[in-house]
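Examination of the molecular architecture
What follows is the residue order along each chain.
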Amino acid sequence: MMRGGAAAEGGDGDERIPVSPNGQFFNSSVLSVYILAVFDLESPVPGGEQSEEILRKEFLPVSTRFSSIMVKDAKGVKHWKPVKVNVKDHIRIPTFPPGLSPEEYEKHLQGYLSEIAIEEMSQNKPLWEVHVFKYCTPSAVNTLVFKLHHAIGDGFSLMTALFSCLRRADDPSLPLTFPSCNGSSKQHRSKIENGSIWRHLSPLWFTFQDFGWSLLKSSLLVDPKSPIRSGELGVEFKPVFISSISLSLEEIREVREELKATVNDVITGTVFYGIQLYMHHMCPGSENLRATALVLLNTRSVSKHLSLEDIRKDGAEASWGNQFGFIHVPLPACKCIKKANPIDYVLEAQELIRKKRSSLGVYLTGRFLEMLRRLRGPEAAAEHIHSTIGNTSMTISNIIGPMEKISMGGCPVKSFYFMVTHLPQSLTISMLSYMGKLRLAVGGEQGFLDSEAMTGCFEEAFAKILDAVKDAKGVKHWKPVKVNVKDHIRIPTFPPGLSPEEYEKHLQGYLSEIAIEEMSQNKPLWEVHFFKYCTPSAVNTLVFKLHHAIGDGFSLMSIVFLSANRRRPTVNDVIKRTVFYGIQLYMHRMSSGSENLRATALVLLNQFRFIHVPLPACKCIKKANPID
């Protein structure tokens, strides 16, 4: 077995690989960007040498960059220099007080993620770390975190590297499968675009518009301060929170099919709508402020997820490294968020993305950065990227994940997500699909953004989009609404001073009336009726009227029983009921049937007080429930 100090890959030779331009930009004096990949595991992480061996055999061979450091030559040009890797130097296992609850450990995990997200890596060893959180949280038995420097590669390369270390949980010998990347809708093109003249002119116009807008946003046009943008200098060095939600891919596809859109259109529309809901929630009226999202795009010419072997091939279109571009996407304007049609956000996102993809703005921006690097050096290009990111309100990126359940080092993975950190923005959003779910993660400036409110707004946004689509199709579904409890309570009035028998007649008539009365479909289908008059059988009568559409008798009565909130018996209750039951058993044994006779107990209390307590009547002691 190889020890930690052994050469895992490469040596101290002179063979060096040039660092790509984007790699140099992301590891400069003004930018140092990282990617966190967080895996929620269903079993404990193997300890000690077993974990180290897995990293040596599975992770390090993936790319020479994992066993290289970035150095400058005599001309100031950066290269990857192979070095000996001591795997132990890259594994960190935080310790916290033992015996805490999963919820408390979740708080410690969030604090730890915030800490490592802004922590700089040492440049004297390969730019990656593995963090093992060996405590149970509500979502995982253990949590494994890979921290990878963006200079090594973009999200596509790095996640492909991690996927190569994963195995299918059901059958490790089978390859992982991924959804198709080609989700474009063929029906979204307008009649005008299909005209031959516009088909040739529109890309030129969109290219001119996008490239010019990108230059202006990088230099002159700055998004105003808003509930999602603090505008503080050095925001990338401030503590962050990372939270996430899960959305159903089946429901996303349902929206996609109905609107003739793509999955990306639906997701982007959900993010736009959720952001405006959040801005309105935090500061009504702020949703009208200008906000721009920087959407990261994979510039590789691929229509499906490729294996590690595919991207290693010489001349492969999906080669390793940082091959991505970014486009500026303005959030749709909204005059009144309360009256907005949720579907419009998806349709507008679809139109925006269509225009952006048909332009060459991303390509020209890349050529401009390369020209800037050649003329003024990589630091000047990095400063340009820094201002481009800092002048916008947020960054959005997404990656396609496996369709099957996966395992890492024998540990089944319940869920996972990634987050880009150390960006000069208050808000970063990432999305990753896995096992029929889309994990939407939010990285935000701690103390400025409200994590619970933001994730709640994204959930509300998608729920409203889905409801609007179902409404348009005429499909019945349950739509959450605000409930005014007073609207569901009815208290009938009758003449005072009547006898219990007369009130009993009024009660029967009232029950007959509400039994055939139709409920309003504009509010939840339940009512509570309080009959506040004494009848021969009750002091007051409480009536729950519940629509059968909500559930069957078993479900509905279970809800009523739960809402009754039966009082928990005390020790005295248990003792007294034991005595009563024992007395009736004795009476039955001595004289069968005598347990039905009236019997009263005199219970002595403190200060020599006493109360009369009648023993419960019992028709058949053999069938009696002792608990009663």
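Take the pattern of salt bridges next. For the coordinates displayed, the defined rule picks out 18 salt bridges. Residue Glu404 pairs with Arg168 through a salt bridge whose shortest N-O separation is 3.6 Å. Taken together, the positions of Glu404 in the loop between β12 (394–399) and β13 (406–408) and Arg168 in strand β8 (residues 167–168) put the pair 236 residues apart, joining distant regions of the chain. Taking the relative accessible area as the measure of exposure, Glu404 reaches 14% and is therefore buried. In this structure, Arg373 and Glu370 form a salt bridge, with 2.6 Å as the shortest nitrogen-oxygen distance. Within this pair, Arg373 and its partner Glu370 are both found in helix α10 (residues 361–376), separated by three residues, close to a single helical turn.

Bringing helix α9 (residues 342–357) into the picture now. One full turn of an α-helix is made of 3.6 residues, so residues set three or four places apart face in the same direction. For α9, spanning 16 residues, the distance from its first C-alpha to its last is 23 Å, which sits close to the expected 22 Å at 1.5 Å a residue. Buried within α9 are the following residues: Pro342, Ile343, Tyr345, Val346, Ala349, Gln350, Leu352, Ile353, Arg354 and Lys356.

What follows concerns the packing of aromatic side chains. If you walk through the whole model with that rule in mind, you get 17 aromatic pairs. Seen in terms of ring centroids, Phe96 and Tyr135 are 5.8 Å apart; in terms of plane orientation they differ by 70 degrees. Their pairing is edge-to-face. In this pair, Phe96 is assigned in the loop between β5 (91–92) and α3 (102–118) and Tyr135 in the loop between β6 (128–133) and β7 (142–149), connecting sequence segments 39 residues apart. The exposure class assigned to Tyr135 is buried, which follows from its relative accessible area of 15%. Plain terms: the ring middles of Phe494 and Tyr533 are 5.8 Å apart, the flat faces sit at 70 degrees to each other, and that makes the pair edge-to-face.

Atom-level detail of predicted coordinates should not be read off regions where pLDDT is low. Summing up the model confidence of the protein chain, the mean pLDDT is 83 and the portion of residues at 70 or higher is 85%. This stretch, residues 1–13, has a pLDDT under 50; its non-local contacts, to residues over four places away or in other chains, come to 30 contacts. Predicted confidence is poor over residues 183–195, with pLDDT under 50, and the contacts of this stretch with residues over four places away or in other chains come to 16 contacts.

Turning to its location among the elements, Glu595 is positioned in the loop between α15 (571–590) and β20 (600–605). A relative accessible area of 5% means that Glu595 is categorised as buried. Sequence spacing of Glu595 and Leu615 is 20 residues, and the spatial spacing of their C-alpha atoms is 9.5 Å. Sequence-distant contacts of Glu595, that is, excluding residues within four places in its chain, are made with Gln584, Met587, His588, Cys618 and Ile621.

Turning our attention to the nonpolar core. Side chains of nonpolar character tend, in soluble globular proteins, to be buried together. Core analysis: the biggest nonpolar cluster contains 58 residues, and Phe39, Phe59, Phe66, Trp128, Phe146, Met159 and Phe416 have the highest contact counts within it. Excluding residues that lie within four positions of it along the chain, Met159 makes contacts with Ala37, Ile399, Phe416, Phe418 and Leu432. Core analysis: the second largest hydrophobic core is formed by 52 residues, Leu247, Leu297, Met431 and Leu449 among them.

Spatial ordering of the open sheet is given by β1-β4-β3, a layout of three strands whose pairing is antiparallel. The sheet terminates laterally at β1 (17–18) and β3 (68–72), the two strands that pair on one side only. Bridging between β1 and strand β4 (residues 78–82) involves two bridges; their strand directions are antiparallel. Paired with Pro18 across the strands is His79, a residue of β4.

Rules of the game
- Residues numbered from 1 in each chain as written.
- Predicted model: local features only at pLDDT ≥ 70, side-chain atom pairs only at ≥ 80, totals over all residues.
- Heavy atoms only, no water.
- Salt bridge = Lys/Arg side-chain N within 4 Å of Asp/Glu carboxyl O.
- Helix = DSSP H or I, 4+ residues; strand = E, 2+ residues; numbered from the N terminus.
- Buried < 20%, exposed > 50% of the residue type's maximum accessible area, 1.4 Å probe, protein only.
- Expected span 1.5 Å × (residues − 1).
- Phe/Tyr/Trp six-rings, centres within 6.5 Å; stacked < 30°, edge-to-face > 60°.
- pLDDT = per-residue confidence, 0-100.
- Contact = heavy atoms within 4.5 Å.
- Core = buried A, V, L, I, M, F, W, Y, C linked by side-chain atoms within 4.5 Å.
- Pairing = 2+ DSSP bridges.

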